[in-house]
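What follows is the residue order along each chain.
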Amino acid sequence: MDKNQQFRDDVRAWLADNCPASVCEPGAVVKSSFSSKHRDGDSKLWLENMSTKGWVAPMWPTQYGGGGLNFSENKVLQQELKRISAPAPLVGMGLTMIGPTLLEFGSEEQKQRHLPKIASGEIHWCQGYSEPNAGSDLANLQTKAEDNGDHFLINGSKIWTSGAMHADWMFCLVRTDTTVQKQKGISFVLFPMTDPGVTRKPIRLISGESPFCQIFFDDVKADKADLIGKLNEGWTVGKRLLQYERSSIGGGSITSRDTDITDTIIDLAKKYRGDDTGQIEDPLLRHEVIQHEINSRAFAATSKRMMAEAKSGKTPGFATSMMKYYASEMTKSKSELMVSILGPEALGREGDEFTKQELAITRRWLFDKAFTIAGGCSEVQLDIIAKRILQLPAS
Ligand SMILES: Cc1cc2nc3c(=O)[nH]c(=O)nc-3n(C[C@H](O)[C@H](O)[C@H](O)COP(=O)(O)OP(=O)(O)OC[C@H]3O[C@@H](n4cnc5c(N)ncnc54)[C@H](O)[C@@H]3O)c2cc1C
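Residues numbered from 1 in each chain as written. Predicted model: local features only at pLDDT ≥ 70, side-chain atom pairs only at ≥ 80, totals over all residues.

**Q** What am I meant to see in the overall build of the chain here?
**A** Assigned secondary structure in the chain consists of 11 helices and eight strands. Here the C-alpha coordinates of the chain stretch approximately 75 × 55 × 45 Å along the principal axes. By the burial criterion, 35% of the 395 residues in the chain qualify as buried. Long-range contacts, defined here as pairs at least 24 residues apart, represent 69% of the contacts in the chain between residues at least 6 apart. (Helix = DSSP H or I, 4+ residues; strand = E, 2+ residues; numbered from the N terminus. Buried ≥ 20, exposed ≤ 12 C-beta atoms within 10 Å, placed from the backbone. Contact = placed C-beta atoms within 7 Å.)

**Q** Is there a simple way to think about the site of the ligand in this case?
**A** Surveying the vicinity of the ligand reveals 19 residues, the closest of which are Tyr129, Gly135, Ser136, Ser162 and Glu379. Mapped onto the shell around the ligand, the elements with two or more residues apiece are strand E1 (125-128), strand E3 (151-162) and helix H11 (378-389). The class makeup of the residues in the shell around the ligand is nine nonpolar, eight polar and two charged. Summarising the domain contributions, the shell around the ligand has at least three residues from each of domain 2 (125-237) and domain 3 (251-389). (Near = placed C-beta within 6 Å. Nonpolar A, V, L, I, M, F, W, Y, C, P; charged D, E, K, R; others polar. Domains from an automatic or database assignment.)

**Q** Quick question: what am I supposed to make of helix H4 (residues 93-105) here?
**A** Because each turn of an α-helix spans 3.6 residues, side chains separated by three or four positions in sequence point in the same direction. In H4, a bend of some 35° at Gly99 exceeds every other bend along the element, and Pro100, a proline, comes one to four places later. Taken across its 13 residues, H4 has 10 buried, putting it largely inside the fold. Within the span of H4, buried status applies to Met93, Gly94, Leu95, Thr96, Met97, Ile98, Gly99, Pro100, Thr101 and Leu102. Buried residues along H4 sit against helix H5 (108-119), E1, strand E4 (169-175), strand E8 (227-228) and helix H6 (234-250). (Bend = angle between axes of the 7 residues up to and from the residue.)

**Q** Got a minute to help me understand the nonpolar core in this structure?
**A** As a rule of thumb, nonpolar side chains are buried together in soluble globular proteins. Judged by nonpolar contacts, the single largest core of 62 residues is most densely connected at Met170, Val189, Phe191 and Ala222. Shared between two domains, this core takes at least three residues from each, and those domains are domain 1 (5-91) and domain 2 (125-237). Setting aside residues up to four positions removed in sequence, Val189 forms contacts with Ala145, Phe152, Cys172, Val174, Ala222, Asp226 and Leu227. Within the second largest apolar cluster, nine residues are counted, among which are Leu268, Ala269, Ile280 and Ile341. (Core = buried A, V, L, I, M, F, W, Y, C linked by C-beta atoms within 7 Å.)

**Q** Would you mind showing me how to read H5 here?
**A** Relative to the 16 Å expected for 12 residues at 1.5 Å per residue, H5 spans 16 Å between its end C-alpha atoms, a close match to the ideal helical length. When we look at burial in H5, the residues that qualify are His114, Leu115, Ile118 and Ala119. All buried residues of H5 project into a common sector of 130° when viewed along the axis, lining one side. Tucked inside the fold, the buried residues of H5 contact helix H2 (41-53) and H4. In the segment just after H5, Gly121 is the residue with positive phi, at about 75°. (Expected span 1.5 Å × (residues − 1). Arc of directions from axis to C-beta.)

**Q** For this particular structure, what's the right way to read the packing of helix H9 (residues 319-342) against helix H10 (residues 356-368)?
**A** A pair of packed helices can be characterised by two numbers: the angle between their axes and the separation between those axes. Between H9 and H10, the shortest axis-to-axis distance is 9 Å and the interhelical angle comes to 140°. Where H9 crosses over H10, the two elements pack in a sense that is left-handed. For the pair H9 and H10, the contacting residues are Thr331, Lys332, Ser335, Glu336, Met338, Val339 and Leu342 in the first and Glu358, Ile361, Thr362, Arg364, Trp365 and Asp368 in the second. (Axes fitted to C-alpha atoms, helices over the stretch in contact; angles between N-to-C directions. Left-handed = near helix turned anticlockwise from the far one by under 90°.)

**Q** Would you mind showing me how to read the domain arrangement of the chain here?
**A** Many structure descriptions define interface size as the accessible area lost when the parts assemble. Partitioning the chain into structural domains gives domain 1 (5-91), domain 2 (125-237) and domain 3 (251-389). Here the C-alpha centre of domain 3 lies 26 Å away from the C-alpha centre of domain 1.

Okay, here's the thing in structure tokens:
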């Protein structure tokens, strides 16, 4: 008998009573990436119910708003959620990036102040790392924080800040010493985006979406109580957070469901490029589709194995670059394959001549390239893999 059978029965019973049926319907708009104040109806109720149980952050300690589940209990929870097609109640940088980083580097007071608000979906976070001249070369960042008694005063600009339009707080890398080697003069601070010195300017993408902003700081205040780690040691904290980010991208956060794309890639190939018997006609295309299926299944198995290996609670390491690299390149080539299957039907970005799914595939294709850049571009990941995993000599 499954040693977690009792737990599974309890989860199932609880979900039957507390998961609103409407959020599990195909095509349901759940707003998982929004904080509680930007939601209503069943989307809000689902977040609240899960948060009361601690299952928004199932493996975080209960004193910080988590569920205190161990690895195998969390696996059961995820299986039961999947069984009823329940969506994640909350996704985003709070849960996957700043939360784990605070658990590792935050003081007790910082954990108690910030983590419960993440686990309840009350506060939505954004990431202030990249600047116009500091992307791949992140340590070149120039946004400055000056000591002003009990707080820092921040001036400068960040760019490509995802979700910044709705964000309540930012975790930010700032320069606190200009006289030392660039990595040694960086600190990691948190501050509210409601500060009057913060200006947000949305950036629009070719896909039509506007997922990020450029942010300007004009004497923005960051309380010293929100300095994470020591002064000038933010590079270590910031790099660890990137590993959490890459682990999340590599672990499938970019392959979450797109409700307008309902066909699998095999269905699409049969529908648009099938012969009279419904089989994929072109042998080359058949090969590409099969190869994609093999790659994605192999990747899913590797990802599962890595998660099982990580159950000891070990912090993520350089292997996250491998997972991030592969997941983002695979996502990009999947949307390229979908577009090539659609042929002329993938020419529409808007308009009635195209189905909802066709338009969604075209927009996905335009957006998915971004994943090979966000969180550190593919070339940077290959560099890390070469140096840190394969230990190849520097050229
Ligand atoms: C969708 C999306 C969301 C993002 N969200 C955020 C966010 O929330 N917060 C945030 O701070 N940033 C965010 N970013 C920014 C992202 O981290 C940077 O775009 C990324 O690190 C690359 O920096 P860059 O754009 O300055 O490009 P550059 O550093 O100028 O690089 C441009 C290109 O040069 C090449 N290159 C650069 N360095 C090397 C190298 N060492 N070896 C070989 N080739 C190289 C690569 O081809 C690279 O793509 C986001 C980006 C995207 C696309």
